Amino acid sequence: MCSIAGFYDPCADFTAKQGEFEHILQKMGQSLAHRGPDERGVYLSQKCGLSHTRLSIIDLEFGKQPMSRSIGGHTYHIVYNGEIYNLKKLRQDLAARGALPQTSSDTEAILLTYLTFGPEFVNRLDGIFAFAIYDESHRILSLYRDSFGVKPLFYTFLNDTLIFSSEIKGLLHFPNVCARLDASGLNELLGLGPARTPGSGVLKDIQELKPGSSLTYSKLGASYHTYYQLTSRPHTDSYEKTIEKTRFLVTDAIKRQMISDVPICTFLSGGVDSSLVSAVCAAELEKQGERLTTYSFDFTENDKYFKANSFQPSMDRPFVDKMVGFLHSDHHYLECENQIQADKLYESVDAHDLPCMADIDSSLLYFCSEVAKNHKVVLTGECADEVFGGYPWFHKEHFLNCNTFPWTPDLLPRKKILNKDLLSKLDMDGYVKNAYETAVREISILPGENETEVNRRRIGYLNIRFFMQTLLNRMDRTSMHSGLEARVPFADRALVDYVFNIPWEMKAKDGTVKNVLRQAARTLLPDEILFRKKSPYPKTYHPGYEQLLTKRLKEKLAMPDCPLLPLLDQKAVTNFLESPKDYGAPWYGQLMAGPQMIAYLLQIEYFLRKYKVEVLI
């Protein structure tokens, strides 16, 4: 796992100022070094510059980048961030065509597959990736991103120059690329945030390559191509066949994603998702005479202050203990203190280059930094709820009929603390409505589906294309900030393609949430774990944390140059800070309630100040 960055201009001659542009490449790479602390490399030609930082996991000796290969007198260069899980099959297919790789690296396999099989080569890749290929002879740059956007890739055009980077910070090291917010960016930040419209980089003129798509740029201009999208299909398998096939797809995805030349570990919350991933990994490692290492997360004194609610009905620790005994894993219990969690709110913005999921991110950022002290690769249970229908909005009628994003059914908690003049300029309701309607138009409805089935299909699509992307962003940035590669087997393309079309009467048979996954995991987990009621990623309920956040926000708002002041209704914010918070009434997702609103405002303040963001409204 690594970082990539670079630039291309069909009208330029970067070699005329070689030292200057090599320095820019070095600066772009340096800003992304946390993603790949093991090696750095750059390439500069007349029209194109490429930068790469490397986290060595596969082919530790010969996987250096940028990597170049020549065929028929034409030279091609690649920089790549990701992991390819069907590397063995790719190498076999290449050998059958007489294209013999010189190394065992997946980087070379991607480039040779491109050269051997042509434009549709990307459909042969099973993995998580973002990469750039430069065809030096024909002067064409192509960018690609994996099917669900597990790996990030941002870009911008500055006149005729295309600049790209794994993270926004890399773009900002190119001359004259600036951080600016217009009305659309503010709506993304204040109305949709911490989610983002697919393709939006929030900052003006900065985009993110959409999942499952590519961008090709040459002297003829830019062209975009979608190579993968979720498709509605009739489900013809019987219930028994569905359970059998799901079991194979899940366990196969986990096993394939264990590929590594360095030791792996797993996150273990005691829920069905992470427990199943850990159980399959533990069994595979046991065959090799090895023991799985697992990690769980909690917060200081949460056993004292935890408050059960409909979104978070139970603590994790008793279930973690049960699974550790079941797996015989080498387990590590990690805890986060109030001060650390609050302090890392700002570092989370550094990792994302944007405000994010507040302390849900900052705590995970801390936990990943601790795991990274011992491991480079971790498998997680992320994305199972989006794929198998684990959230309350799949099951409760008022969510199904809300005609908006179900994780943000009401914009009022956001709007009531914002400056009224700003709100009138933004038309936040209209912006969110348009984003929702644009998204649901993308998915086809099957003949014969009733209104409830149609709503569930739409919510399922929104969860995968919107909500899951937010969690994948969180997992990538919080892990890669410390050079830890997080893998997400439940975001496997074959698995998601299949499960997306399983009818709801199977997915929630007999009222069992995520029934298909639970039935598929029988005999792999204890029943106590298998049928545990969903409880999401933990958060702190310590009153001292909210008090700490409140104090910090009041101090920020008391500063005359605070960049938040033009955005907020100060009287409304003061009332909000002094009123009791309902921890069970989230304004985003399941976890972001009153304290997380304070934390999100602190992140916005830091973001505006650190990145010297110009607000264009």
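Residues numbered from 1 in each chain as written. Predicted model: local features only at pLDDT ≥ 70, side-chain atom pairs only at ≥ 80, totals over all residues. Heavy atoms only, no water.

(A) Focus on the overall build of the protein. Along the backbone of the protein there are 24 helices and 19 strands. Expected size for 617 residues packed as a compact globule is a radius of gyration near 25 Å; at 24 Å, the protein falls within 12% of this value. With the C-alpha coordinates aligned to their principal axes, the bounding extent of the protein is approximately 70 × 60 × 50 Å. Counting the 617 residues in the protein, one finds 64% classified as buried. Long-range contacts, defined here as pairs at least 24 residues apart, represent 74% of the contacts in the protein between residues at least 6 apart. Accessible area of the protein: about 23,400 Å², with a carbon and sulfur share of 49%. Of the charged side chains in the protein, 71 are positive and 76 negative; the average position of the first set lies 1 Å away from that of the second. (Helix = DSSP H or I, 4+ residues; strand = E, 2+ residues; numbered from the N terminus. Rg over C-alpha atoms; globule rule 2.2 N^0.38 Å. Buried < 20%, exposed > 50% of the residue type's maximum accessible area, 1.4 Å probe, protein only. Contact = heavy atoms within 4.5 Å. Areas by Shrake-Rupley, 256 points an atom, 1.4 Å probe, with all protein chains shown as cover. Lys, Arg positive; Asp, Glu negative; His and termini not counted. Charge placed at Lys NZ, Arg CZ, Asp CG, Glu CD.)

(B) Structural view of the nonpolar core. Of all hydrophobic cores here, the largest spans 105 residues; its most connected members are Phe-7 and Phe-607. Ala-279, Cys-383, Val-516 and Leu-517 belong to the second largest nonpolar core, which has 80 residues in total. (Core = buried A, V, L, I, M, F, W, Y, C linked by side-chain atoms within 4.5 Å.)

(C) Looking closely at helix α6 (residues 239–256). Taking 1.5 Å per residue as the helical rise, α6 with its 18 residues ought to reach 26 Å, and the 26 Å between its terminal C-alpha atoms agrees with that figure. For α6, every residue scored as buried is listed here: Thr-242, Ile-243, Thr-246, Leu-249, Val-250, Thr-251, Ala-253, Ile-254 and Arg-256. Buried residues along α6 sit in contact with α7 (272–287), β17 (377–379), α12 (384–388), α18 (493–500), α19 (504–507) and α20 (515–520). (Expected span 1.5 Å × (residues − 1).)

(D) Up close: the layout of surface pockets. There is about 820 Å³ of room inside the largest pocket. Together, 50 residues line the largest pocket, and Ser-269, Ser-535, Pro-536, Tyr-537 and Pro-538 are the ones closest to its centre. Broken down by secondary-structure element, the contributors of at least two residues to the lining of the largest pocket are α7, β15 (293–299), α8 (302–305), α9 (317–327), β16 (330–336), α12 and α17 (451–480). In terms of residues, the lining of the largest pocket owes the most to one element, β15, which gives 5 residues. Split by residue class, the lining of the largest pocket holds 24 nonpolar, 10 polar and 16 charged. There is about 430 Å³ of room inside the second largest pocket. What lines the second largest pocket is a set of 24 residues, and nearest its centre among them are Pro-198, Lys-210, Pro-211, Thr-226 and Glu-442. Only β11 (206–208), β12 (213–218), β13 (221–226), α16 (428–440) and α17 provide two or more residues apiece to the lining of the second largest pocket. For the lining of the second largest pocket, a count of residues per class yields 11 nonpolar, 9 polar and 4 charged. (1 Å grid on protein atoms, 1.4 Å probe; cavity = no way out; pocket = protein on both sides within 12 Å on 5 of 7 lines; lining within 4 Å. Points joined across faces, edges and corners; volume = space filled by probe spheres on them. Nonpolar A, V, L, I, M, F, W, Y, C, P; charged D, E, K, R; others polar.)

(E) Seen up close, the packing of aromatic side chains. Counting across every chain of the model gives 36 aromatic pairs. Ring geometry for Phe-267 against Phe-297: centres 4.9 Å apart, planes inclined by 70°, an arrangement best described as edge-to-face. Linking Phe-267 in strand β14 (residues 264–267) with Phe-297 in strand β15, this pair joins segments that are 30 residues apart in sequence. Assessed through its relative accessible area of 8%, Phe-267 is described here as buried. The class for Phe-297 is buried, based on a relative accessible area of 11%. On the basis of an interplanar angle of 35° and a centroid distance of 5.1 Å, the ring pair of Trp-407 and Phe-467 is categorised as tilted. (Phe/Tyr/Trp six-rings, centres within 6.5 Å; stacked < 30°, edge-to-face > 60°.)

(F) Here's a closer look at the environment of Asp-476. By the element assignment, Asp-476 lies in helix α17. Each C-alpha atom, one on Asp-476 and one on Lys-151, is 7.0 Å from the other, the two residues being 325 residues apart in sequence. In contact with Asp-476, other than residues within four places in its own chain, are Arg-35, Val-150, Lys-151, Pro-152 and His-481. At a separation of 3.2 Å, a polar atom in the side chain of Asp-476 contacts the side chain of Arg-477. (Polar contact = N/O pair within 3.5 Å; in protein donor to acceptor, adjacent residues only side chain to side chain.)

(G) Local environment of the side chain of Gln-596. Tracing the backbone shows Gln-596 in helix α24 (residues 594–610). In this structure, Gln-596 is in contact with Ala-358, Asp-359, Lys-539, Trp-587 and Leu-591, ignoring residues within four places of it in sequence.

(H) Main features of the environment of Phe-500. By secondary structure assignment, the location of Phe-500 is in helix α18. You can call Phe-500 buried: its relative accessible area is 7%. On a C-alpha basis, the gap between Phe-500 and Ser-232 in space is 7.8 Å, while along the polypeptide they are 268 residues apart.

(I) Quick peek at the side chain of Ser-142. As for its placement among the helices and strands, Ser-142 is situated in strand β7 (residues 140–145). Sequence-distant contacts of Ser-142, that is, excluding residues within four places in its chain, are made with Phe-131, Ala-132, Ile-133, Leu-215 and Thr-216.

(J) Molecular detail of the sheet that holds strand β2 (residues 39–44). Within the open sheet, the 6 strands sit side by side as β2-β3-β1-β9-β8-β11. Their pairing is antiparallel. Bordering the open sheet on either side are β2 and β11, each of which pairs with just one other strand. Each strand of the sheet is rotated relative to its neighbour by a mean of 15°, with strand direction disregarded. As judged from the 5 bridges shared by strand β8 (residues 154–158) and strand β9 (residues 161–165), these two strands associate in the antiparallel manner. Pairing of Leu-158 across the sheet is with Thr-161, part of β9. (Pairing = 2+ DSSP bridges. Axes fitted to C-alpha atoms, helices over the stretch in contact; angles between N-to-C directions.)

(K) Expanded view of the packing of helix α10 (residues 338–352) against helix α22 (residues 543–557). One way to put it is that α10 packs onto α22 with a least axis distance of 9 Å and a crossing angle of 40°. Considering their axes alone, α10 and α22 lie oblique with respect to each other. As for how α10 packs across α22, the hand of that crossing is right-handed. Contacts from Asn-338, Gln-339, Gln-341, Ala-342, Asp-343, Leu-345 and Tyr-346 in α10 reach Gly-544, Tyr-545, Leu-548, Leu-549, Arg-552 and Lys-556 in α22. For the contact of α10 with α22, the residue count by class is 6 nonpolar, 4 polar and 3 charged. (Parallel < 35°, antiparallel > 145°, perpendicular 65-115°, else oblique. Left-handed = near helix turned anticlockwise from the far one by under 90°.)

(L) Highlighting the sheet that holds strand β5 (residues 74–84). Judged by pairing direction, the sheet is antiparallel, and its 6 strands sit side by side in the order β4-β5-β6-β7-β12-β13 without closing on themselves. Edge positions in the sheet fall to β4 (67–71) and β13, since each has one partner strand and no second. Between one strand axis and the next, the sheet turns by 20° as a mean value, whatever way the strands run. Sheet topology places β5 next to strand β6 (residues 127–135); 9 bridges connect them, and they run antiparallel. Bridge assignment links Glu-83 to a residue of β6, and that residue is Ile-128.

Scope: geometric values only; no functional claims are made or implied.
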